Amino acid sequence: MGDSRRPPTVPIPDVEIADKSELYRALEASLGSSFSSNPLAPNPNPLIIVISGPSGVGKDAVIKGLREVREGIHFVVTATSRAKRPGEVEGKDYFFVSKEEFLSMVERDELLEYALVYGDYKGIPKQQIREFMAKGHDIVLRVDIQGAATLRRILGNSAVFIFLVAESESALVKRLIGRKTETKETLLVRVATAREEVKHLRNFDYVVVNAEGKLESAVKLVESIIDAEKAKVWQRTAVI
Ligand SMILES: Nc1ncnc2c1ncn2[C@@H]1O[C@H](COP(=O)(O)OP(=O)(O)OP(=O)(O)O)[C@@H](O)[C@H]1O
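The name that an unreviewed UniProt entry assigns to the chain is guanylate kinase, with the source organism given as Camellia sinensis. The Sequence similarities (unreviewed entry) comment attached to the chain in UniProt states, word for word, "Belongs to the guanylate kinase family."

If you want it as structure tokens, here you go:
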């Protein structure tokens, strides 16, 4: 008794003598259907990548580097009630708003997450994320450790969490001093906080060392993480 599911036997020409297209067609005929040119890998989902780490570790520097080497990523512009630092640009570095404006955004539920950081509010506008994910862009969020913990509670495993660290505590302190944006009081708070923050590493998916003079390697590693996430069979699916 023959197997009824099997296609009718079609002679397949000898590989040594048949031309390629003849062989290809014979294989199709033998299998009973033509070969599809559709991609075998499904389109990867847009990713939400959360980049966090202690103050002064180089979050902005890594993000700037990533922006230069990779397309298709939307870097979310955070809203903040803090004063603009010299050189910062409205709508590029942050959306600078008053405390009152910020609180009304909170009331209208327009922020995915927000926090009071060193006396200033910082928050992530939801609309920006929705808009760019709908266009198929990946999303990068830059948050402090407290923000990352809140986002983990909100997004769970639907986002990728990357923790940036310096190669040592001493290197971090030197970098922060070198940036010359801090007063002695804020410097002390930031350094003391950083010491505590390293303990939160376990809440993250990946750790990336941003070593002195090795910014490029840190950016490369973040890119590799994104590439690996894109190749995952079981993709993360974030809904905002
Ligand atoms: N790999 C590196 N090697 C040397 N200097 C670096 C490196 N990465 C960042 N820096 C410098 O360290 C300082 C702090 O970096 P950056 O402002 O990016 O930190 P941050 O994590 O965004 O800080 P904050 O959370 O306080 O805004 C900057 O002056 C930056 O140019």
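1. Structural notes on the overall build of the chain
Secondary structure assignment for the chain yields eight helices and nine strands. The C-alpha atoms of the chain give a radius of gyration of 25 Å, which is well past the 18 Å a tight globule of 240 residues would have. Taken along the three principal axes of its C-alpha coordinates, the chain extends 85 × 40 × 35 Å. Split into buried and exposed, the 240 residues of the chain put 39% on the buried side. Long-range pairs, those at least 24 residues apart, make up 65% of the contacts in the chain with a sequence separation of at least 6. About 14,800 Å² of surface is accessible on the chain, with carbon and sulfur atoms providing 56% of the total. On the chain, the mean spot of the 35 positive side-chain charges and the mean spot of the 34 negative ones are 5 Å from each other.

2. Let's talk about the site of the ligand
Within the structure, the ligand sits among 18 residues, and S55, K59, R142, R175 and N210 are positioned closest to it. Here G58 contributes a backbone N or O atom positioned 3.1 Å from an oxygen atom of the ligand. G213 places a main-chain nitrogen or oxygen 2.9 Å from a nitrogen atom of the ligand. Computed on the free molecule, the ligand has an accessible area of 640 Å², of which 80% lies beneath the protein chains in the complex. At three residues, helix α2 (residues 59–69) tops the list of elements feeding residues into the shell around the ligand. Residue composition of the shell around the ligand, by class: five nonpolar, five polar and eight charged.

3. A short note on the packing of aromatic side chains
Taken as a whole and assessed by the stated rule, the structure comprises seven aromatic pairs. When the ring of F102 is compared with that of Y121, the centres are 5.1 Å apart and the planes differ by 20°; the resulting orientation is stacked. Pair noted here: F102 is in helix α3 (residues 99–107) and Y121 is in strand β6 (residues 120–125), with a separation of 19 residues, a long-range link. The class of Y121 is buried, set by a relative accessible area of 16%.

4. Notes on the pattern of salt bridges
Opposite charge on two side chains permits them to pair, given that their charged atoms come into close proximity. Under the definition given, this model contains 19 salt bridges. With a closest N to O distance of 4.0 Å, E216 and K220 form a salt bridge. Taken together, the residues E216 and K220, both in helix α8 (residues 215–230) and four residues apart, mark about one turn of the helix. Relative accessible area serves as the criterion here: at 52%, K220 is assigned to the exposed category. Each member of the salt-bridge network shares a partner with another, and the members are R152, D205, E229, K232 and R236.

Calculation criteria
Residues numbered from 1 in each chain as written. Predicted model: local features only at pLDDT ≥ 70, side-chain atom pairs only at ≥ 80, totals over all residues. Heavy atoms only, no water. UniProt positions renumbered as here; feature names shortened; annotations may be inferred. Helix = DSSP H or I, 4+ residues; strand = E, 2+ residues; numbered from the N terminus. Rg over C-alpha atoms; globule rule 2.2 N^0.38 Å. Buried < 20%, exposed > 50% of the residue type's maximum accessible area, 1.4 Å probe, protein only. Contact = heavy atoms within 4.5 Å. Areas by Shrake-Rupley, 256 points an atom, 1.4 Å probe, with all protein chains shown as cover. Lys, Arg positive; Asp, Glu negative; His and termini not counted. Charge placed at Lys NZ, Arg CZ, Asp CG, Glu CD. Near = heavy atom within 4 Å. Polar contact = N/O pair within 3.5 Å; in protein donor to acceptor, adjacent residues only side chain to side chain. Nonpolar A, V, L, I, M, F, W, Y, C, P; charged D, E, K, R; others polar. Phe/Tyr/Trp six-rings, centres within 6.5 Å; stacked < 30°, edge-to-face > 60°. Salt bridge = Lys/Arg side-chain N within 4 Å of Asp/Glu carboxyl O.

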